[in-house]
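Residue-level structure breakdown
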Amino acid sequence: MKLLFIFIFSLVLFPQNNPEKMLWNENQKLTWKDFRGKPVPSASFVASTNTGISFQYSYSIKNGAVHVEYSVESFFNPEGSWYIPERVNAHILRHEQAHFDISELHARMLRKNLHGKKFTKRIKSEIEGIYKQVEQKRRAMQTRFDAETDHSRNEEKEAFWQHYIAKQLADYESWK
């Protein structure tokens, strides 16, 4: 008699069925119309982009072999993103798009790290560990991007970062 154990666990950082989230698409760039959150006039910056990675997985164990299925998406949250209309321009919108692109880059990194990974029966802690490591790097890169570019005000650093993010996305092209 063969035994089949199926465990389903989902780690969802943004609801999969939320109609408001926008998924990253290389052919669709953000516009100011996508930002529907309430502006924060007291902030030291003029726009804020809320992005992240939505991650869900399930697994089964059959005869000791672990099989994993997963879904990874990068998203933009319109309701959590805002801008001050009279203080923004196309340059700042490109900066905000770069935040979305950074989340997509890390979604690709997560897919790469999960692909072909051999999991043990400790799959939950193993897979969550991989996610947490990528998410920590994503958040750190977002923070560093804003710090080094001074929220888009340092045009030289902004140009460097725009080029760097585009190159990284190209390097991870096969993981989109």
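Residues numbered from 1 in each chain as written. Predicted model: local features only at pLDDT ≥ 70, side-chain atom pairs only at ≥ 80, totals over all residues. Heavy atoms only, no water.

Brief notes about the environment of asparagine 113
Mapped onto the fold, asparagine 113 is located in helix 1 (residues 90–114). On a C-alpha basis, the gap between asparagine 113 and valine 134 in space is 8.9 Å, while along the polypeptide they are 21 residues apart. Excluding residues that lie within four positions of it along the chain, asparagine 113 makes contacts with Ile130 and Val134. (Helix = DSSP H or I, 4+ residues; strand = E, 2+ residues; numbered from the N terminus. Contact = heavy atoms within 4.5 Å.)

Remarks on the pairing of strand 5 (residues 65–76)
Where strand 2 (residues 22–23) lies against strand 5, 2 bridges are found, and the strand directions are antiparallel. Following the sheet pairing, methionine 22 is matched in strand 5 by phenylalanine 76. Two elements, strand 4 (residues 51–62) and strand 5, share 12 bridges in a ladder whose sense is antiparallel. Following the sheet pairing, isoleucine 61 is matched in strand 5 by valine 66. In this antiparallel pair of consecutive strands, strand 4 and strand 5, the connection spans 2 residues, and asparagine 63 shows a positive phi of 50°. (Pairing = 2+ DSSP bridges.)

Re the packing of aromatic side chains
As enumerated under the stated definition, the model contains 13 aromatic pairs in all. Between phenylalanine 35 and phenylalanine 76, the ring centres sit 5.2 Å apart and the planes meet at 65°, which makes this aromatic pair edge-to-face. Within this pair, whereas phenylalanine 35 is found in the loop between strand 2 and strand 3 (47–48), its partner phenylalanine 76 is found in strand 5, the two being separated by 41 residues in sequence. Given the relative accessible area of 5%, phenylalanine 35 is considered buried. On the accessibility criterion, phenylalanine 76 (0% relative accessible area) is buried. Here the aromatic rings of tryptophan 161 and tyrosine 164 are separated by 5.7 Å at their centres, their planes lie at 80°, and the arrangement is edge-to-face. On the criterion of helical spacing, the pair formed by tryptophan 161 and tyrosine 164 is a turn pair, its members being 3 residues apart in helix 3 (residues 155–171). Residue tyrosine 164 is classed as partly exposed on the basis of its relative accessible area, which comes to 33%. Three or more aromatic residues joined by ring pairs form one cluster here, namely Trp32, Phe35, Phe76, Tyr83 and Phe100. Just above the ring of phenylalanine 160 sits the side chain of lysine 157; from NZ or CZ to the centre is 5.6 Å. (Phe/Tyr/Trp six-rings, centres within 6.5 Å; stacked < 30°, edge-to-face > 60°. Buried < 20%, exposed > 50% of the residue type's maximum accessible area, 1.4 Å probe, protein only. Lys NZ or Arg CZ within 6 Å of the ring centre and 35° of its normal.)

Here we look at the packing of helix 2 (residues 123–149) against helix 3
Across the interface, helix 2 lies against helix 3 with an axial gap of 8 Å and an inter-helix angle of 150°. It follows from the interaxial angle that helix 2 and helix 3 lie roughly antiparallel. The crossing of helix 2 and helix 3 is right-handed. Where helix 2 approaches helix 3, its residues Met141, Arg144, Phe145, Glu148 and Thr149 are matched on the opposing element by Lys157, Glu158, Trp161, Tyr164 and Ile165. Split by residue class, the contact of helix 2 with helix 3 holds 5 nonpolar, 1 polar and 4 charged. (Axes fitted to C-alpha atoms, helices over the stretch in contact; angles between N-to-C directions. Parallel < 35°, antiparallel > 145°, perpendicular 65-115°, else oblique. Left-handed = near helix turned anticlockwise from the far one by under 90°. Nonpolar A, V, L, I, M, F, W, Y, C, P; charged D, E, K, R; others polar.)

Some details on the packing of helix 1 against helix 2
Contact geometry of helix 1 with helix 2 gives a least axis separation of 10 Å together with a crossing angle of 155°. Overall, the two elements helix 1 and helix 2 adopt an arrangement that is roughly antiparallel. Relative to helix 2, the crossing made by helix 1 is right-handed. Where helix 1 abuts helix 2, its residues His95, Ala98, His99, Ile102, Ser103, Leu105, His106, Leu110, Asn113 and Leu114 lie against Ile127, Ile130, Tyr131, Val134, Lys137, Arg138, Met141, Gln142, Phe145, Asp146 and Thr149. For the contact of helix 1 with helix 2, a count of residues per class yields 11 nonpolar, 7 polar and 3 charged.

Read these as spatial facts, not as claims about activity.
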